[in-house]
Amino acid sequence: MTSWNAADIPDQTGRLAVVTGANSGVGHLTATELARHGADVVLAVRNVAAGEDAARTIATAVPGAKLQVRKLDLASLESVHAFAERIADEHPKIDLLVNNAGLVVLGARQTTADGFELHLGTNMLGPFALTGLLLPLVTRGDRPRVVSLSSITHKTAHLDFADLMSEGRYWAPTAYGASKLATTVFAIELDRRLRAAASPVLSTLAHPGVSRTNLTPRAWGYPGPIGQLATRLFLLSAQPVERGVLPQLFSATAPDVRGGQFSGPDGFRERRGRVTEVRASTEATDPAVGRRLWEVAQELTGVEYL
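Right, let's walk through the structure included here. Just so we're clear, the structure is a prediction, and the values are computed from it rather than from any experiment.

### Quick look at the pattern of salt bridges
Then comes step 1: Evaluation of the coordinates by the stated rule reveals 12 salt bridges.
Then comes step 2: We note a salt bridge from Asp191 to Arg195, for which the minimum N-O separation is 3.0 Å. Here the residue Asp191 and the residue Arg195 both occupy positions in helix H5 (residues 172-196), the gap between them amounting to 4 residues, near one helical turn.
Then comes step 3: Residue classification places Asp191 among the buried positions, given a relative accessible area of 6%.

This is the structure:
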C-alpha cells in the first residue's frame, strides 16, 4: 500500500465524479487524475471563472477530458440545494462524491450566509447537507463512494457542543481544527449509518499531511513577524501537493478500500510520506460524538438522511 501512486488508479471510464473545490490544490489534482483515468468530472466550485480556468488546464493536460464546471458555495445552504437540484436534473447517478473543498480564514470570526461559524459551516455543515441531498444519486452509482478530506489538525481539536459556533473565545486555527474534527466525525458516522442501512455506498476519508497548497500557509500561519517566520520554517517540512493528493485519490479509487478507512502519509506525525492507513483521534471515532454531531447537523441544515 505504501508504494501506491496515481499510476495505480484503476480505469474510471463511465464513472461520474463530483469533486468540490476542484479549481486549486488537492481538489484540482484529484479532478485531473480522475479525468486522466477516464472519469467524467464535475468541478464543483465557488468561483466559476476560476473553475473554468481549472477545466482548461485539465483539458490541456488530459486531451479529451470530460469536464463540467458547476457553481457550489458550501457556505450557503441555498447554493448547496441549487447545486444538488441541477446535478439531479443533469445526471441519473453519481459514482464518486469527493468532499474536498475546505476553507481557513485567519483573523476575526466570520459567519456563513446561514449564520454558521465560517469554518464549521463550510468545512462540515455544507458537505453534510450536500452529501444528504446527493445520496440518492450516489446510491445508484457503480461501486459508489463518498470521500471526505480531513486534516492532521483534527487530532488535537475538540468539539465543544456548548459553543459549536465559537461565539465565545475565538481563535481561527482552533476553529479550523474543530471544523476538521467535525468533518472526520461526519465521515466515520456516515460509514456507520451506511453499513447499518446495508447501503452499497462506502464512506472513506483521507488527509494530505502538510502539503504545499494555497490553503497551507493560511491553515498554519500565525500573525506577526515571529509567527510568519515560524510558519515558513514549518512549511519546509511540507510535501509537494502532487504527493499530498495521493491519500485522497487512494480513498477514492483503490479497489480494496473499506468503508471508514482513513488514508494519509506514513511519515513523522503523518506530515508527509507515502500513502498508508492512519488512525483518527479518539474523539473522532467515539460513536456518541458521532450521533450527537449528526443530530445537530440535521437540525442546523434541515437535511435529514440515514
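Alright, that's what it looks like, and here's the rest.
### Let's talk about the nonpolar core
Then comes step 1: Counting 51 residues, the largest nonpolar core has Phe83, Met124, Leu134 and Leu159 as its most contacted members.
Then comes step 2: Counting residues per element, the ones that place at least two in this core are strand E1 (16-20), strand E2 (40-45), helix H3 (77-90), helix H4 (118-139), H5 and helix H10 (287-301).
Then comes step 3: Sort the elements by how many residues they give to this core and H4 lands first, with 10 residues.
Then comes step 4: Membership of the second largest hydrophobic core comes to 19 residues, among which are Ala17, Leu34, Val62 and Ala252.

### Observations regarding the side chain of Gln248
Then comes step 1: Along the chain, the position of Gln248 falls in helix H9 (residues 246-253).
Then comes step 2: Those residues in contact with Gln248 that lie beyond four places of it in its chain are Val26, Thr30, Val98, Asn100, Val147, Leu149 and Ala206.

### Structural notes on the packing of aromatic side chains
Aromatic rings considered in pairs are described by the distance between their centres and by the relative angle of their planes.
Then comes step 1: Inspection of every chain in the model, using the stated rule, returns 6 aromatic pairs.
Then comes step 2: For the pair Phe128 and Trp294, a centre-to-centre distance of 4.9 Å together with 80° between the ring planes defines the contact as edge-to-face. Taken together, the residues span a long stretch of sequence, with Phe128 in helix H4 and Trp294 in helix H10 at a distance of 166 residues.
Then comes step 3: Using a relative accessible area of 0% as the deciding quantity, one classes Phe128 as buried.
Then comes step 4: Ring centres of Phe128 and Tyr305 lie 5.0 Å apart, and the angle between their planes is 40°; on these two criteria the pair is classed as tilted. Within this pair, whereas Phe128 is found in helix H4, its partner Tyr305 is found in the segment after H10, the two being separated by 177 residues in sequence.

### Points about the packing of H4 against H10
Then comes step 1: Relative to each other, H4 and H10 sit at 80°, their axes nearing to 10 Å. Taken together, the axes of H4 and H10 lie roughly perpendicular to each other. Contact residues: H4 offers Met124, Leu125, Phe128 and Ala129, while H10 offers Leu293, Trp294, Ala297, Gln298, Leu300 and Thr301.
Then comes step 2: Looking at the contact of H4 with H10 residue by residue, the class counts come to 8 nonpolar, 2 polar and no charged.

### Quick look at the packing of H5 against H10
Then comes step 1: The contact between H5 and H10 brings their axes to 9 Å, and the two run at 95°. On the basis of their axis angle, the class for H5 and H10 is roughly perpendicular. Judged by residue contacts, Ala182, Val185, Phe186, Glu189, Leu190, Arg192 and Arg193 of H5 engage Pro287, Val289, Gly290, Arg291, Leu293 and Trp294 from H10.
Then comes step 2: Here the residues of the contact of H5 with H10 sort into 8 nonpolar, 1 polar and 4 charged.

### Quick look at H5
Then comes step 1: With 25 residues, H5 should cover 36 Å at 1.5 Å per step; its first-to-last C-alpha distance of 36 Å lies within 8% of that length.
Then comes step 2: By the criterion of burial, H5 is predominantly enclosed, with 21 of the 25 residues buried.
Then comes step 3: Among the residues trailing H5, Ala198 stands out with phi positive, at a value near 55°.

Rules used in this analysis
- Residues numbered from 1 in each chain as written.
- Predicted model: local features only at pLDDT ≥ 70, side-chain atom pairs only at ≥ 80, totals over all residues.
- Heavy atoms only, no water.
- Salt bridge = Lys/Arg side-chain N within 4 Å of Asp/Glu carboxyl O.
- Helix = DSSP H or I, 4+ residues; strand = E, 2+ residues; numbered from the N terminus.
- Buried < 20%, exposed > 50% of the residue type's maximum accessible area, 1.4 Å probe, protein only.
- Core = buried A, V, L, I, M, F, W, Y, C linked by side-chain atoms within 4.5 Å.
- Contact = heavy atoms within 4.5 Å.
- Phe/Tyr/Trp six-rings, centres within 6.5 Å; stacked < 30°, edge-to-face > 60°.
- Axes fitted to C-alpha atoms, helices over the stretch in contact; angles between N-to-C directions.
- Parallel < 35°, antiparallel > 145°, perpendicular 65-115°, else oblique.
- Nonpolar A, V, L, I, M, F, W, Y, C, P; charged D, E, K, R; others polar.
- Expected span 1.5 Å × (residues − 1).

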